[in-house]
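Chains, contacts and geometry: an overview
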Amino acid sequence: MWNFHLVFILLSISTVLAEKHQCFVPVPYKCVIFANATRENYQIEPQAVNSSDITNLDLNGTLPILGPEICENLPNLRIIFASYLGVEEIAENTFKSCKNLYRIDLDWNNITKLSENAFTGLENLEKLYISGGNLQELKLNLSSLINLEQLGLRNLNLTEIDPEIFKNLKNLKELYLYANRLFDLDLEKILNYLPNLKKINIVDNNFKCDRVKKLVELCEKYRIELKTDVTVIRTRHYIPEMIEGVHCLTDDQFNYEKSH
């Protein structure tokens, strides 16, 4: 029976050239990195173990930019945890070399730049969670994520979402869009692309009450569970209305949000 200890890689970037960081404890499956990085130019080199055996990568500390280096020497990664890192940018093709990824967790960061092709080529990915940032508009190519089942796009300050990004996600079962600033959502068109959707969360956005009523009716019609549980609700200077646990705005409240 495998003894699943942690592999510790100490990561500290302060030089112009990329530093190589080694696993100090030989174990079969997991690397934990304590990062205090100021740039994306780093390498992970688990010399003490067979890097092809490592399937889990857990990043801790501060890492403003995520780039392709994250996967270069860990080709068989299945899970990446990169939450609470202060990530501001996710570069193009960041995960391209990690074609076996099953889950990517990028929650509670400060994302302001997200490459359209950050997640291309991940046909085995089933869970993708992104939260924390200021993107407003989402331009993201998810067309290759044909096996994606759970998608979280939360607390990203999104004001609109193009339904076309869901076009090839026929296996998606759960969609979490709460804690954004969406003024509308073309759920009718989105559902045409997501025939297997079972759960959706749209709490804490900027929908008008009449729109929320229609969204609720659509969920009932297609037997989609409307989730209303959230961890943090943003502070407003007014109290929004509620329909079936979903926040909704009066005309005056809607106009206020539009102007701010």
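Residues numbered from 1 in each chain as written. Predicted model: local features only at pLDDT ≥ 70, side-chain atom pairs only at ≥ 80, totals over all residues. Heavy atoms only, no water.

**Observations concerning the state of the cysteines**
One pass over the full model with this rule turns up 2 disulfides. Disulfide partner of Cys71: Cys98, at an S-S distance of 1.8 Å. In this structure, the disulfide formed by Cys71 and Cys98 twists by about -120 degrees around the S-S bond and is classed as left-handed. Here the residue Cys71 occupies a position in the loop between strand S6 (65–66) and strand S7 (79–81), and Cys98 occupies one in the loop between strand S8 (89–90) and strand S9 (103–106), the gap between them amounting to 27 residues. Comparing Cys71 with Cys98, the two get one shared label, buried. Disulfide pairing places Cys209 opposite Cys248 at an S-S distance of 2.2 Å. Taking the torsion about the S-S bond as the criterion, the Cys209 to Cys248 disulfide, at about 75 degrees, is right-handed. Of this pair, Cys209 sits in helix H2 (residues 209–221) while Cys248 sits in strand S17 (residues 246–248), and the two are 39 residues apart along the sequence. By relative accessible area, which is 0% here, Cys248 ends up buried. With its disulfide-bonded cysteines labelled consecutively along the sequence, the protein is connected as 1-2, 3-4. (Disulfide = S-S within 2.5 Å. Helix = DSSP H or I, 4+ residues; strand = E, 2+ residues; numbered from the N terminus. Buried < 20%, exposed > 50% of the residue type's maximum accessible area, 1.4 Å probe, protein only.)

**Here we look at a nonpolar patch on the surface**
Together, Tyr84, Trp108 and Val232 give the surface a local cluster of nonpolar side chains, amounting to about 340 Å² of exposed area. You can see Val232 is positioned in the loop between strand S15 (225–227) and strand S16 (241–243). (Patch = residues over 30% accessible without salt bridge, like charges linked within 9 Å, V, L, I, M, F, W, Y side chains within 5 Å. Areas by Shrake-Rupley, 256 points an atom, 1.4 Å probe, with all protein chains shown as cover. Salt bridge = Lys/Arg side-chain N within 4 Å of Asp/Glu carboxyl O.)

**Side note on the packing of aromatic side chains**
This model, assessed by the stated rule, comprises 4 aromatic pairs. Judged by centre distance (5.5 Å) and plane angle (10 degrees), the rings of Phe95 and Phe119 are stacked. Of this pair, Phe95 sits in the loop between S8 and S9 while Phe119 sits in the loop between strand S10 (113–114) and strand S11 (127–131), and the two are 24 residues apart along the sequence. Take Phe95 and Phe119: they sit in the same class, and that class is buried. The interplanar angle of 85 degrees and the centroid separation of 6.2 Å between the aromatic rings of Tyr238 and Tyr256 together place this pair among those described as edge-to-face. Highlighted residues: Tyr238 in the loop between S15 and S16 and Tyr256 in helix H3 (residues 251–258), separated in sequence by 18 residues. Given the relative accessible area of 31%, Tyr256 is considered partly exposed. Directly above the aromatic system of Phe254 lies the positively charged group of Lys208, at a separation of 4.8 Å from the ring centroid. Against the face of Phe183 rests Lys258, its NZ or CZ located 4.5 Å from the ring centre. (Phe/Tyr/Trp six-rings, centres within 6.5 Å; stacked < 30°, edge-to-face > 60°. Lys NZ or Arg CZ within 6 Å of the ring centre and 35° of its normal.)

**A word on the pattern of salt bridges**
Under the counting rule described, the total for this entry stands at 14 salt bridges. Note that Lys189 and Glu164 form a salt bridge whose closest N and O atoms lie 3.0 Å from each other. In this pair, Lys189 is assigned in helix H1 (residues 187–193) and Glu164 in the loop between strand S12 (150–154) and strand S13 (174–176), connecting sequence segments 25 residues apart. A relative accessible area of 33% means that Lys189 is categorised as partly exposed.

**Looking at the confidence of the model for the protein**
Keep in mind that low pLDDT regions are not for reading the predicted coordinates in detail. Averaged over the protein, the pLDDT score is 84; the fraction of residues at 70 or greater is 81%. Note on residues 1–27: pLDDT under 50 across the span, and 79 contacts to partners over four residues away in sequence or across chains. Counted against residues more than four places away or in other chains, residues 38–48, with its pLDDT under 50, gives 48 contacts. (pLDDT = per-residue confidence, 0-100. Contact = heavy atoms within 4.5 Å.)

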